[in-house]
Amino acid sequence: MQIILITTLVIALAGLIVGAALVFMSGKFRVEVDERESAVRECLPGNNCGACGYAGCDAMAAAIAAGEAPANGCPVGGGPVAEKIGEIMGVSVDILERKVAFVRCKGSCEVTHNQGNYVGIRDCRSAVLAGLNVTECGYGCLGFGSCQTVCKQDAIHVVNGVAVVDRNRCVGCALCVKACPRGLIELVPASKLVAVQCSNRDRGPLVKKVCSAGCIGCTLCTRQCEVGAITMNGALAHVNYEACVQCGKCVEKCPAKVITPPAAS
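So, a few notes on the structure that sits alongside this text. (Residues numbered from 1 in each chain as written. Predicted model: local features only at pLDDT ≥ 70, side-chain atom pairs only at ≥ 80, totals over all residues. Heavy atoms only, no water.)

## Regarding helix H3 (residues 57-65)
Within H3, the full set of buried residues consists of Cys57, Met60, Ala61, Ala63, Ile64 and Ala65. Close packing links the buried residues of H3 with helix H2 (35-43) and helix H4 (78-89). Just downstream of H3 lies glycine 67, where phi reads positive at about 80°. (Buried < 20%, exposed > 50% of the residue type's maximum accessible area, 1.4 Å probe, protein only. Helix = DSSP H or I, 4+ residues; strand = E, 2+ residues; numbered from the N terminus. Contact = heavy atoms within 4.5 Å.)

Put into structure tokens, the structure is as follows:
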């Protein structure tokens, strides 16, 4: 009986010593948590998409609280989230315009043709690494849906061989932009409805040979624009969204009808 009592006392004493040590160590090495960080995290949408440049919403909240990231740094949350975070941080916030993804390709099955039947991994990045070109156009959408796979909002789908964006669902996270191996997707201001739906940089005859909906580099659009918002990048037209006033003159004059509102893509 005496041995049992001694053993019990020793175990109890050891437990007290270990407990006291843990309390001491937790106090000594305690990391102070900024209450603003938790408040900012509550405001963030929780997509953990990485569009802000950080690993996730937790990392973004920590960066904002530390003053290392701007209060309006979350492209998914947009203006409403930025305002809330600005109030928490006690700073004024510039409300950035919402942006949506736009696919710079109009090469559906009706306007271009496949070079053959592909059997393999249905992934655009894998196809590019393998040197595969499914359609006759070497610049257009491959249609395997790498962009669709990464979209957490279900805002982009491959329809009739080309990726199509649902502007109402798109939150501008840019995951599809990063996923496209041909760089066909860009973010455009949601209020701007004029964009060039082509990425083919060849000259007119070569473009028409592979896609009847491609930009032929005729420059009619540039001559119609009174504010200089549309220019030629080589043989390919491109819109300066900040300068564009949405007059639609370039859309009307484009013979290939490749300058179209993103909503129609």
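## Topic: the side chain of asparagine 72
Mapped onto the elements of the fold, asparagine 72 is located in the loop between H3 and H4. Within the local environment of asparagine 72, its side chain forms a polar contact with the backbone oxygen of aspartate 94, the two atoms lying 2.9 Å apart. Discounting chain neighbours no more than four positions away, the residues touching asparagine 72 are Ala82, Val93, Asp94 and Leu96. (Polar contact = N/O pair within 3.5 Å; in protein donor to acceptor, adjacent residues only side chain to side chain.)

## Some thoughts on the layout of surface pockets
Each pocket or cavity is described by its volume, and for the largest pocket that value is around 340 Å³. Surrounding the largest pocket, 20 residues form its lining, Cys74, Pro75, Leu96, Glu97 and Arg98 being those nearest its centre. Examining the composition of the lining of the largest pocket, we find that 3 residues originate from one element, H4, more than from any other. For the lining of the largest pocket, the class distribution of residues is 10 nonpolar, 6 polar and 4 charged. Roughly 220 Å³ of internal volume is contained in the second largest pocket. (1 Å grid on protein atoms, 1.4 Å probe; cavity = no way out; pocket = protein on both sides within 12 Å on 5 of 7 lines; lining within 4 Å. Points joined across faces, edges and corners; volume = space filled by probe spheres on them. Nonpolar A, V, L, I, M, F, W, Y, C, P; charged D, E, K, R; others polar.)

## Observations regarding the nonpolar core
Core analysis: the biggest nonpolar cluster contains 39 residues, and Ile156, Ile185, Val196, Ile230, Val258 and Ile259 have the highest contact counts within it. For this core, the secondary-structure elements that each account for two or more residues are strand E1 (99-103), strand E3 (162-165), strand E4 (185-189), strand E5 (195-196) and strand E7 (236-239). The biggest single contributor to this core is E1, with 4 residues. Among the nonpolar cores identified, the runner-up in size contains 19 residues, and Leu44, Cys57, Ile85 and Leu175 belong to it. (Core = buried A, V, L, I, M, F, W, Y, C linked by side-chain atoms within 4.5 Å.)

## Section: the pairing of E3
For strand E2 (residues 156-159) and E3, the ladder comprises 4 bridges, and the chain directions are antiparallel. Its bridge partner being in E3, histidine 157 is matched across the sheet by valine 164. (Pairing = 2+ DSSP bridges.)

## Details of the pairing of E7
The pairing of strand E6 (residues 230-233) with E7 spans 4 bridges and is antiparallel. Counterpart to asparagine 233 in the pairing with E7 is leucine 236. Adjacent in sequence and paired antiparallel, E6 and E7 are bridged by 2 residues, among which glycine 234 carries a positive phi angle near 70°.

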